[in-house]
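As a plain string of letters, each chain reads:
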Amino acid sequence: GGRLPTDWMAAQVTRLDNTDGDIETLATRIAGVRTWTYVSYQSNWLDDARHWQERTRAIEDRLSDALHRGLTQRFVDKRTAVLVSHFKDRDDLLTAVNGDGDVTVEGHYMGHLEGFRFVPDGPGDGGASGNDDVAARKVGNAAGRALRGEVETRLKRLEADADEHFGLVPDRLPDEGPEEGAWPRLITWRGHPVARLKAGTEILRPVAEPLFSDLFEPSQRDRVGRRLQTWLDVQIATLFAPLLAAQKADLAGAARGVVFQLAENLGSVRRDTVAAQIEALGGKGRKSLRPFGIRLGRHRVYLPELLKPNAVLWRGLLRGLSMEAAEIPPPPGSGRVSLDVPPGAPHGFFEAMGFVAFGALAVRCDMVERLAAKAWTLAQKGAFEAVPELLSLAGCGVDEMADILAGLGYKGRPGKDGTLRFHRTKKQTQKPKNKPKPAVAKDSPFAKLQNLKQAG
């Protein structure tokens, strides 16, 4: 039929789809598959030219990757072989680690230090085999001695460094590749990952766990952990200062109960969760909470200081550490007043960051209070529309606003002109009015006391 048989073409290509073999074999296969790539672009030679174009290109990519690995390994093996042949009979090899962490043995580059992790140059260990094993180990031991000395030097520097040299980065090591939207769970020292955050016994007491390194002695690993834990404790103490101060304060029972719930939820809680404690506060109890900035809102009790961007990030980070959920939503953008709630988001996760979930949208709790106040004012005149001020406060559209207002006790109905208007569906939260004093019976012994007070 004037075309190459499909089965025959498949047999020619399949025999080349093999990444085993030495460098010369791989190079020969690449040349062979390129011939069939050329054939695949002659559309009138084959029944399904596009299929063969994609298949031959994929085989060539795999073979090229294998060839690259082989060439790199050949270079590493050759370098090690030179070292082994020159230094079999020597006990002391000249080793050095420069300021950038580059490690050399007798002038040959062997790899580099990233923090306290040694990253060898090239794939594999580059070691020799057979009768050269002892000499190869000698080269490795020489590099190890230089690294151990450098580790101690770096450890002393880490212990002496100020907190400004430490930070957090997403939970991926450099050789693991980037990950978009990852939470910052790796602690860095001078830009290099040295530890990972872990959940502690309490949500506000996370743990700094040093990354594994075979260069560490147990005591050195403990020293790294102590310094990083000190840095971590300072971060928590600084960010959550008002909440921690409230925990330590000498408060009455009801106020202490409110603070306990706030601490359990990282700085904000539903008002109805602590309604009994609020009812029991009285004027003195309310006054005792003011120095810590605790707000008793219509719907949420919260600390405004813990709604700032960095505090919100840490709140989500700490809650994420304590959860065993398979997937945590990505970190929030800085200064966002509302966030999308993805399907399957762990229960309570957004609330732990100080947001209130309304369907597919979560709104920061201080904005919820402002929305509730504005909606209350609008409702005084009857049914109202989702005015631009409401939409601006929540950073959302009319559909999302309908979910928010429903959560605040309002229901939307389309008017005659099709415009959605909202009205109350349940009793709204108001500031309690002064209750009238109970009447005292005329024949009661307390009547005379009441008369004496009025006369006074």
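The notes below deal with the structure included here. (Residues numbered from 1 in each chain as written. Predicted model: local features only at pLDDT ≥ 70, side-chain atom pairs only at ≥ 80, totals over all residues. Heavy atoms only, no water.)

1. Here's the deal with the packing of helix α6 (residues 241-248) against helix α7 (residues 253-264)
For the pair α6 and α7, the least separation of the axes is 9 Å and the interaxial angle reads 140 degrees. Relative to α7, the element α6 is oriented oblique. Crossing hand, α6 versus α7: left-handed. In this structure, α6 uses L243, A246 and Q247 to contact α7, whose residues at the interface are V259, L262 and A263. Of the residues assigned to the contact of α6 with α7, the class counts are five nonpolar, one polar and no charged. (Axes fitted to C-alpha atoms, helices over the stretch in contact; angles between N-to-C directions. Helix = DSSP H or I, 4+ residues; strand = E, 2+ residues; numbered from the N terminus. Parallel < 35°, antiparallel > 145°, perpendicular 65-115°, else oblique. Left-handed = near helix turned anticlockwise from the far one by under 90°. Contact = heavy atoms within 4.5 Å. Nonpolar A, V, L, I, M, F, W, Y, C, P; charged D, E, K, R; others polar.)

2. What to know about helix α1 (residues 6-14)
When we look at burial in α1, the residues that qualify are M9, Q12 and V13. All buried residues of α1 project into a common sector of 95 degrees when viewed along the axis, lining one side. (Buried < 20%, exposed > 50% of the residue type's maximum accessible area, 1.4 Å probe, protein only. Arc of directions from axis to C-beta.)

3. Side note on the side chain of R319
Relative to the helices and strands, R319 resides in helix α9 (residues 309-322). For the buried R319, no salt bridge exists, and the shortest N-O distance to an oppositely charged side chain is 6.8 Å, to E264. Setting aside residues no more than four positions away along its own chain, R319 makes contact with I203, E264, N265, L266, F349 and A352. (Lys, Arg positive; Asp, Glu negative; His and termini not counted. Salt bridge = Lys/Arg side-chain N within 4 Å of Asp/Glu carboxyl O.)

4. With respect to unusual backbone geometry
Where the residue is not glycine, phi is negative for most of them; where a peptide bond is considered, it is trans in most cases. Of note in this structure, R190 is not a glycine but carries a positive phi near 50 degrees. Checked against the element boundaries, R190 lands in the loop between β6 (186-189) and β7 (192-198). Non-glycine residue L266 carries a positive phi angle of around 65 degrees. For L266, the location among the structural elements is in the loop between α7 and β9 (268-270). What makes L266 buried here is its relative accessible area of 0%.

5. Re the packing of helix α5 (residues 218-239) against α6
A pair of packed helices can be characterised by two numbers: the angle between their axes and the separation between those axes. Two elements in contact, α5 and α6, have axes whose closest approach is 5 Å; the angle formed by their N-to-C orientations is 85 degrees. Of the possible angle classes, the one that applies to α5 and α6 is roughly perpendicular. Judged by residue contacts, I236, A237, T238 and L239 of α5 engage A241, P242 and L244 from α6. When the residues that make up the contact of α5 with α6 are grouped by side-chain class, the tally is six nonpolar, one polar and no charged.

So yeah, pure geometry; function would need other evidence.
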